[in-house]
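# Geometric and topological summary
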Amino acid sequence: MADTVLYEVTDGLATIALNRPDAMNALNTEAKVALRDSVGQAAADPAVRAVLLTATGRAFCVGQDLKEHIGLLSEDSEHGESRTMSTVREHYNPIVTALAEMPKPVVAGVNGVAAGAGAGFALAADYRVVADTASFNTSFAGVALTADSGVSWTLPRLIGHGRAADLLLFPRNVGAQEAYELGIANKVVPAAELAAEAEAVARRLAAGPTAAYAAIKESLAYAGGHGLTETLEKEDELQTRAGASADHGIAVAAFVKKEKPTYLGR
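Definitions and limits used
- Residues numbered from 1 in each chain as written.
- Predicted model: local features only at pLDDT ≥ 70, side-chain atom pairs only at ≥ 80, totals over all residues.
- Heavy atoms only, no water.
- Pairing = 2+ DSSP bridges.
- Helix = DSSP H or I, 4+ residues; strand = E, 2+ residues; numbered from the N terminus.
- Patch = residues over 30% accessible without salt bridge, like charges linked within 9 Å, V, L, I, M, F, W, Y side chains within 5 Å.
- Areas by Shrake-Rupley, 256 points an atom, 1.4 Å probe, with all protein chains shown as cover.
- Salt bridge = Lys/Arg side-chain N within 4 Å of Asp/Glu carboxyl O.
- Buried < 20%, exposed > 50% of the residue type's maximum accessible area, 1.4 Å probe, protein only.
- Contact = heavy atoms within 4.5 Å.
- Polar contact = N/O pair within 3.5 Å; in protein donor to acceptor, adjacent residues only side chain to side chain.
- Phe/Tyr/Trp six-rings, centres within 6.5 Å; stacked < 30°, edge-to-face > 60°.
- Lys NZ or Arg CZ within 6 Å of the ring centre and 35° of its normal.
- Core = buried A, V, L, I, M, F, W, Y, C linked by side-chain atoms within 4.5 Å.
- Axes fitted to C-alpha atoms, helices over the stretch in contact; angles between N-to-C directions.
- Parallel < 35°, antiparallel > 145°, perpendicular 65-115°, else oblique.
- Nonpolar A, V, L, I, M, F, W, Y, C, P; charged D, E, K, R; others polar.

For a regular strand, side chains alternate in direction, first toward one face of the sheet and then toward the other. Strand direction decides the pairing type here: strand 1 (residues 5-10) and strand 2 (residues 13-18), joined by 6 bridges, are antiparallel. Bridge pairing in strand 2 links glutamate 8 to threonine 15. Between strand 1 and strand 2, which pair antiparallel and follow one another directly, the connecting turn spans 2 residues, one of which, aspartate 11, has a positive phi of 50°.

What follows is the structure, given as structure tokens:
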């Protein structure tokens with residue numbers, strides 16, 4: 001059986017690819033466990049300076065594997081249990097937390113439809129490079145469910161409460177161009193160029209001042225839930241740390257010499 005998730009680290013970049021192309025990368029239990037473990041591994045590995053999350057085949061991820069899901073629901077009903085939805089706690093929450101909070105940039109290369117939890121994983125990334133043939137769909141209400149995989153947190157921060165409510169209450173396919181106009185996609189490229197462009201963006205980040213990128217992630221997350229005074233204090237804390245970093249010294253020295261800096265990630 002082929003691996004449901006592919007994992008590779010080269011030159012500081014961890015590439016994580018969902019690999020169930022025949023199932024449009026639907027999330028069965030095996031895939032969810034593999035993705036959770038791969039993302040956690042990338043987050044913890046000091047050799048990884050950036051992460052590229054992508055997928056094989058024509059879809060990014062259509063969310064929960066409903067064929068497996070309906071069987072699990074039947075088992076729960078038969079035994080009077082409710083274990084099926086524990087996947088949110090056991091799989092989705094750790095995946096999204098690791099993507100959003102790891103101290104390194106995460107790029108999502110969205111090659112096709114991203115629906116449900118698939119959309120959630122893409123939204124949890126820091127930067128989304130999207131094929132012009134791709135689309136996003138919250139899909140949860142379409143199967144009588146509420147948002148999970150962090151969508152209720154990430155989506156309104158990207159596009160505002162009203163638009164997020166619209167997409168959650170009335171799920172529909174949001175094409176690549178509309179996703180860009182809404183602020184979901186950071187960059188839209190021809191489908192044939194998606195893999196190369198997403199990797200190029202991720203490699204640029206991996207070669208950059210990754211400690212500073214970690215501070216930027218932290219500051220953005222903090223500012224979203226705090227007032228101006230607290231945010232200014234957090235900026236002072238993070239900038240003091242960044243100013244003492246080796247990369248800052250390297251950048252300033254390179255600027256004076258009119259050279260391209262080579263960052264160490266610390």
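Here we come to a nonpolar patch on the surface. Taken together, the side chains of Leu66, Met85, Val143 and Leu145 present a nonpolar region at the surface, about 330 Å² in accessible area. Checked against the element boundaries, valine 143 lands in the loop between strand 7 (135-137) and helix 5 (151-159).

Strand order in the open sheet formed by 3 strands is 5-7-8, and the pairing between neighbours is mixed. Because the sheet does not close on itself, it has two edges, and the strands there are strand 5 (114-115) and strand 8 (174-175). Across 2 bridges, strand 7 lies against strand 8 in antiparallel orientation. Of the residues in strand 8, the one forming a bridge with phenylalanine 136 is valine 174.

Next up on the list: the environment of asparagine 186. Within the fold, asparagine 186 resides in the loop between helix 7 (176-182) and strand 9 (187-189). Classification of asparagine 186 by relative accessible area gives partly exposed; the value is 30%. For the pair asparagine 186 and glutamate 199, spaced 13 residues apart in sequence, the C-alpha separation works out to 14 Å. Apart from residues no more than four positions distant in its own chain, asparagine 186 is found in contact with Asp126, Tyr127, Arg128 and Tyr180. From its side chain, asparagine 186 meets the backbone nitrogen of arginine 128 in a polar contact 2.7 Å long.

Let's shift gears to the packing of aromatic side chains. Using the criterion set out here, one finds 1 aromatic pair in the structure. When the ring centre of tyrosine 222 is taken as origin, the NZ or CZ atom of lysine 234, which lies over that ring, is 5.0 Å away.

Moving on, we get to the nonpolar core. Generally speaking, a soluble globular protein has its nonpolar side chains buried in company with each other. Formed by 59 residues in total, the largest nonpolar core has its most connected members in Leu35, Val110 and Phe121. In contact with valine 110, not counting residues within four places along its chain, are Phe60, Ala122, Val129, Val130, Ala131, Ala134, Phe136 and Leu194.

So, on to the sheet that holds strand 9. With respect to topology, 6 strands assemble into an open sheet ordered 1-2-3-4-6-9, the strand pairing being mixed. Among the strands making up the open sheet, the edge pair consists of strand 1 and strand 9. Each neighbouring strand pair of the sheet contributes to a mean axis angle of 15°, computed without reference to strand direction. On top of the sheet, helix 1 (residues 29-44) reaches strand 1, strand 2 and strand 3 (50-55); it is set at about 15° to strand 1, its chief contact.

Helix-helix packing is characterised by the crossing angle of the two axes and by the distance between the axes. The contact between helix 9 (residues 210-223) and helix 10 (residues 228-243) brings their axes to 10 Å, and the two run at 170°. Put simply, helix 9 runs roughly antiparallel to helix 10. For the pair helix 9 and helix 10, the contacting residues are Ala215, Glu218, Ser219, Tyr222 and Ala223 in the first and Glu230, Thr231, Lys234, Leu238 and Arg241 in the second. Tallied by class, residues from the contact of helix 9 with helix 10 come to 4 nonpolar, 2 polar and 4 charged.

Moving on: the side chain of threonine 54. Examined against the element boundaries, threonine 54 turns out to sit in strand 3. Owing to a relative accessible area of 14%, threonine 54 belongs among the buried residues under this scheme. Not counting residues within four places of it along the chain, the set of residues in contact with threonine 54 comprises Thr15, Ile16, Ala17, Leu18, Phe60, Gly109 and Asn111.

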